[in-house]
Amino acid sequence: MALILASFIFQIGIVFVVRFYFGLDYREFHYAAHEWMHNVDPYTRGVLFTPPSSLLVGLMFGWLPFESARFMMFILNIALLFLALRCLVIQFELSRINERFLYGIALLFYPCYFLVERGNLDGIMFALIVMGFASSHHMVKSVCLGASLAVKVYSGLIFLVLFRKRKWKVASIGVLVFILLQIPFAKLFPHFVSSVLGRTGLIRLDENISPATLFSIVIGGLWQWKVVFIAFWFGTLAYRMVKDKSKDVSKTWTLYIPWMISFPVLVYPYSGVLALALIARIASACQTRLMTRAESLIVAGFCLLGFQAVAWTYFLGIITPYAPVSHLICALGNLFMIIGACGLPDYEDVSVRSA
């Protein structure tokens, strides 16, 4: 509402995502699929950082011209996003009012806008993870988690948790699914590794929800801030994993989302859609009691993560040169979520129904 009122004052339309063109990110996958079909390495352009199997998404609509394919990807992302939310509602037994709030939040959430406008793959990854943990069948769980890793590597952290909890069967089959999906693109895998290693050194202060941006500003230096941030990331993650005593990953996987969307040092806002699962989990736990301090900190961080950074930067830029600071608010929210997640309970006392 504040943005709408501001648009009345400044007589400028609201811009929620920087307007390059509709389907900016999906174009890379659509084009990369065509390159691969013509024996051209799509990683040479330096814009592809997902596993080679992610080309399957480009091939899925590769038979369509880009103008039509990007619209299909737009519909697919929205459909999968709300399918995942529905699975969360069922699994976490959310009340009717909380279900409506969850859908409403998604419709106003900055990362969701970034996802559907750019056409990235995080909606597919998000849906696969949620459906995997919503299923009680080990094979379905493994295939979904393996496929999510084959789309984007953020879900790799979940496999670390699975191995630590000795869920050997689910984790091993999931890894096998990931490997099998790479076979058609085996020649590209070394190029993918090189591309990812190069990506880890990239940093930007705008359109970046990783707390690394805050470390780079506060600590500074060429590499000093990276050392401190990596130590913070691994240290807090280790603390969370040691504290996690639950034997059922379906109950605790959402607790690791803040770390999944914080590393490497450049994480675009569309990855923040994963945080919807964590807020749904907290809502489920708080349907019969008050929030704990840790949960309150996560909710505050979630609100900051959803701050419409692009829109406010666009408007505030008219009256102040410090408007780009708005982008740091999302990163601050992610930092709050990491700190809050360290203090979360394992939710063993809250029933979670597999669907």
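Residues numbered from 1 in each chain as written. Predicted model: local features only at pLDDT ≥ 70, side-chain atom pairs only at ≥ 80, totals over all residues. Heavy atoms only, no water.

1. Some details on the overall build of the chain
Here comes step 1: For the chain, the helix and strand inventory stands at 19 helices and zero strands.
Here comes step 2: For 355 residues, the compact-globule estimate of 2.2 N^0.38 gives 20 Å, and the chain sits close to it at 20 Å.
Here comes step 3: C-alpha extents for the chain along the principal axes are approximately 50 × 50 × 45 Å.
Here comes step 4: Among the 355 residues that make up the chain, the fraction classed as buried is 55%. (Helix = DSSP H or I, 4+ residues; strand = E, 2+ residues; numbered from the N terminus. Rg over C-alpha atoms; globule rule 2.2 N^0.38 Å. Buried < 20%, exposed > 50% of the residue type's maximum accessible area, 1.4 Å probe, protein only.)

2. Some thoughts on the packing of aromatic side chains
Here comes step 1: Inspection of the entire model under this criterion finds 25 aromatic pairs.
Here comes step 2: Ring centres 6.3 Å apart and planes at 55° place the aromatic pair Tyr-43 and Phe-192 in the tilted group. Of this pair, Tyr-43 sits in the loop between α2 (24-37) and α3 (55-60) while Phe-192 sits in helix α11 (residues 189-199), and the two are 149 residues apart along the sequence.
Here comes step 3: When its relative accessible area of 6% is taken as the criterion, Phe-192 is described as buried.
Here comes step 4: Linked through ring pairs, Phe-215, Phe-229, Phe-232, Trp-233, Phe-234 and Phe-263 together constitute an aromatic cluster.
Here comes step 5: Lying over the aromatic face of Tyr-31, Arg-27 brings its terminal NZ or CZ to 5.5 Å of the ring centre. (Phe/Tyr/Trp six-rings, centres within 6.5 Å; stacked < 30°, edge-to-face > 60°. Lys NZ or Arg CZ within 6 Å of the ring centre and 35° of its normal.)

3. So, the pattern of salt bridges
Here comes step 1: Inspection of the entire model under this criterion finds 12 salt bridges.
Here comes step 2: The partner of Asp-244 in a salt bridge is Lys-165, and the shortest N-O contact between them spans 3.1 Å. Here Asp-244, found in the loop between α13 (224-243) and α14 (249-252), pairs with Lys-165, found in the loop between α9 (156-164) and α10 (168-182); they are 79 residues apart in sequence, far enough to count as distant.
Here comes step 3: In this structure Asp-244 comes out as buried when scored by relative accessible area, which is 2%.
Here comes step 4: When the shortest N-O distance is used, the salt bridge between Asp-206 and Arg-204 registers 2.8 Å.
Here comes step 5: Here Asp-206 falls in the partly exposed class, since its relative accessible area comes to 29%. (Salt bridge = Lys/Arg side-chain N within 4 Å of Asp/Glu carboxyl O.)

4. Some remarks on the confidence of the model for the chain
Here comes step 1: On average, the chain scores 92 in pLDDT, and the residues at 70 or more come to 98%.
Here comes step 2: Counting interchain partners and residues more than four positions distant, the pLDDT-below-50 stretch residues 349-355 has 18 contacts. (pLDDT = per-residue confidence, 0-100. Contact = heavy atoms within 4.5 Å.)

5. Some points on unusual backbone geometry
Here comes step 1: Of note, the amide linkage connecting Phe-263 to Pro-264 takes the cis form, showing an omega dihedral of 10°.
Here comes step 2: Looking at where Pro-264 falls in the secondary structure, it is placed in the loop between α15 (257-260) and α16 (275-285).
Here comes step 3: For Glu-93, which is not glycine, the phi torsion reads 55° and is therefore positive.
Here comes step 4: Tracing the backbone through its elements, the reader meets Glu-93 in the loop between α4 (66-91) and α5 (96-108).

6. Looking at a nonpolar patch on the surface
Here comes step 1: Together, Leu-205, Ile-217, Val-218, Ile-219 and Val-228 line one region of the surface with nonpolar side chains, adding up to about 440 Å² of accessible area.
Here comes step 2: Tracing the sequence through the fold places Val-218 in helix α12 (residues 212-218). (Patch = residues over 30% accessible without salt bridge, like charges linked within 9 Å, V, L, I, M, F, W, Y side chains within 5 Å. Areas by Shrake-Rupley, 256 points an atom, 1.4 Å probe, with all protein chains shown as cover.)

7. A word on the packing of α2 against α4
Here comes step 1: With their axes 10 Å apart at the nearest point, α2 and α4 run at an angle of 120° to one another. As summarised for this structure, α2 and α4 are arranged oblique, according to the angle between their axes. Relative to α4, the crossing made by α2 is right-handed. Here Tyr-26, Arg-27 and His-30 of α2 lie close against α4, whose contacting residues are Phe-66, Ala-69, Arg-70 and Met-73.
Here comes step 2: Residue composition of the contact of α2 with α4, grouped by class: four nonpolar, one polar and two charged. (Axes fitted to C-alpha atoms, helices over the stretch in contact; angles between N-to-C directions. Parallel < 35°, antiparallel > 145°, perpendicular 65-115°, else oblique. Left-handed = near helix turned anticlockwise from the far one by under 90°. Nonpolar A, V, L, I, M, F, W, Y, C, P; charged D, E, K, R; others polar.)

8. Topic: the environment of Phe-234
Here comes step 1: Within the element layout of this structure, Phe-234 appears in helix α13.
Here comes step 2: Take Phe-234: its relative accessible area is 46%, and that puts it in the partly exposed class.
Here comes step 3: Separated by 25 residues in the primary sequence, Phe-234 and Trp-259 have C-alpha atoms spaced 9.0 Å apart.

9. Description of α9
Here comes step 1: Inspection of α9 places Leu-157, Ile-158, Phe-159, Val-161 and Leu-162 among the buried residues, and these make up the whole buried set.
Here comes step 2: Residues of α9 that are buried sit in contact with α7 (122-134), α8 (138-151), α10, α13, α14 and α15.
Here comes step 3: Once α9 finishes, Arg-166 follows within two positions and takes phi at roughly 60°, a positive value.

10. Some remarks on the nonpolar core
Here comes step 1: Core analysis: the largest hydrophobic core is formed by 108 residues, its most contacted members being Phe-126, Ile-129, Trp-253 and Leu-276.
Here comes step 2: Per element, the largest residue contribution to this core is 10 residues, and it comes from α4.
Here comes step 3: In this structure, Leu-276 is in contact with Leu-81, Leu-85, Leu-88, Leu-102, Ile-105, Ala-106, Phe-109, Cys-112, Phe-126 and Phe-302, ignoring residues within four places of it in sequence. (Core = buried A, V, L, I, M, F, W, Y, C linked by side-chain atoms within 4.5 Å.)

11. Side note on the state of the cysteines
Covalently bonding the sulfur atom of one cysteine to the sulfur atom of another cysteine gives a disulfide.
Here comes step 1: Counted according to the given criterion, the structure contains zero disulfides.
Here comes step 2: Here Cys-286 is not disulfide-linked; the sulfur of Cys-303 is the nearest cysteine sulfur, at 13 Å.
Here comes step 3: Given the relative accessible area of 18%, Cys-286 is considered buried. (Disulfide = S-S within 2.5 Å.)

12. Some remarks on α8
Here comes step 1: For α8, built from 14 residues, the straight-helix expectation of 20 Å at 1.5 Å per residue is met to within 8% by its first-to-last C-alpha distance of 20 Å.
Here comes step 2: Taken together, the buried positions of α8 are occupied by Lys-141, Ser-142, Cys-144, Leu-145, Gly-146, Ala-147, Ser-148, Leu-149, Ala-150 and Val-151.
Here comes step 3: Elements in contact with the buried residues of α8: α7, α9, α10 and α14. (Expected span 1.5 Å × (residues − 1).)

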